[in-house]
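Working through the structure, step by step
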Amino acid sequence: MAFELRPLPYARDALAPHMSKETLDYHYGKHHKSYVDKLNGLIKDTDFKNENLETIITAAKDTRGAAALFNNAAQVWNHDFFWRSMDPDGGGEPGGAMANRIAAGFGDFEKFRKVFVEAATGQFGSGWAWLVQEKDGKLAVVATPNAVPPFVNGLKPLLTCDVWEHAYYIDYRNDRGAFVHEFVDHLANWAFATERLEAR
Ligand code: FE
């Protein structure tokens, strides 16, 4: 069974002006679609064709010669997660359970914001910035290179920002920092992240 390009949870122009329709047309309509198409080509006629995405990613990670499979499967998973990490009414300081957990993990929201932006802008080359939950329940920020999702390292992802150039170049040119600030201040989907929180 082939994977499908999962529908966006909002219209392509819904994140403007923070993320334009043109960016979604390219990033979702071309880049993400291309990962789905390549993944389907790679699993066709293999034992992976009936597996779920997480199983394929975990198996491919430690398999020699499976770098393309890992990269394309992981990028499908990462982008599905990224679109859901944003909301047209998102951004700013969360309330409720997430506010308490951010205070426990980082001190306060401003400190979290600084740590997240630094991780995102400090990631050399392509990659991802993540809010994750560690095994002891504590929240942390990590950056991962290229296609790597944090769950392959035992960390539960709560929220992510794509920091590949294709995520921001149309709207922000080379200014990754401006894009990541906009993500935190206007797009971050705290309801999605909070749903994924687990009790300590
Ligand atoms: Fe991307």
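Residues numbered from 1 in each chain as written. Predicted model: local features only at pLDDT ≥ 70, side-chain atom pairs only at ≥ 80, totals over all residues. Heavy atoms only, no water.

1. Brief notes about helix α5 (residues 109–122)
Taking 1.5 Å of rise per residue, the 14 residues of α5 would be expected to cover 20 Å, and the 19 Å separating its terminal C-alpha atoms lies within 8% of that figure. Here α5 has its buried residues at F109, F112, R113, F116, V117, A119 and A120. On an axial view of α5, the arc spanned by its buried residues comes to 160 degrees, and they lie on one face. Residues of α5 that are exposed and point more than 90 degrees away from the buried face comprise K114 and G122. As for α5, its buried residues are in contact with α4 (96–106), β1 (127–133), β2 (139–145), β3 (156–162), α7 (176–187) and α8 (190–196). (Helix = DSSP H or I, 4+ residues; strand = E, 2+ residues; numbered from the N terminus. Expected span 1.5 Å × (residues − 1). Buried < 20%, exposed > 50% of the residue type's maximum accessible area, 1.4 Å probe, protein only. Arc of directions from axis to C-beta. Contact = heavy atoms within 4.5 Å.)

2. Observations regarding the domain arrangement of the chain
The domain boundaries assigned to the chain delineate domain 1 (21–84) and domain 2 (96–196). Domain 1 and domain 2 are separated by 21 Å when their C-alpha centres are compared. With 20 residues of domain 1 at the interface, the matching set in domain 2 holds 25 residues. Buried area between domain 1 and domain 2, both sides added, is near 1,800 Å², and the carbon and sulfur share of it is 72%. Considering only the surface of domain 1 that becomes buried against domain 2, T23, F81 and F82 emerge as the three largest contributors, covering 34% of it. For the interface between domain 1 and domain 2, the tally reads 0 salt bridges. Counting the contacts that link domain 1 with domain 2 gives 8 residue pairs in polar contact (both at pLDDT 80 or more). Contributing elements (two or more residues each) for the side of domain 1 that touches domain 2: α1 (21–43), α2 (53–61) and α3 (67–84). In terms of residues, the side of domain 1 that touches domain 2 owes the most to one element, α3, which gives 10 residues. Along the lines of polarity and charge, the residues of the side of domain 1 that touches domain 2 split into 8 nonpolar, 8 polar and 4 charged. (Domains from an automatic or database assignment. Buried area = accessible area lost by both parts, 1.4 Å probe. Salt bridge = Lys/Arg side-chain N within 4 Å of Asp/Glu carboxyl O. Polar contact = N/O pair within 3.5 Å; in protein donor to acceptor, adjacent residues only side chain to side chain. Nonpolar A, V, L, I, M, F, W, Y, C, P; charged D, E, K, R; others polar.)

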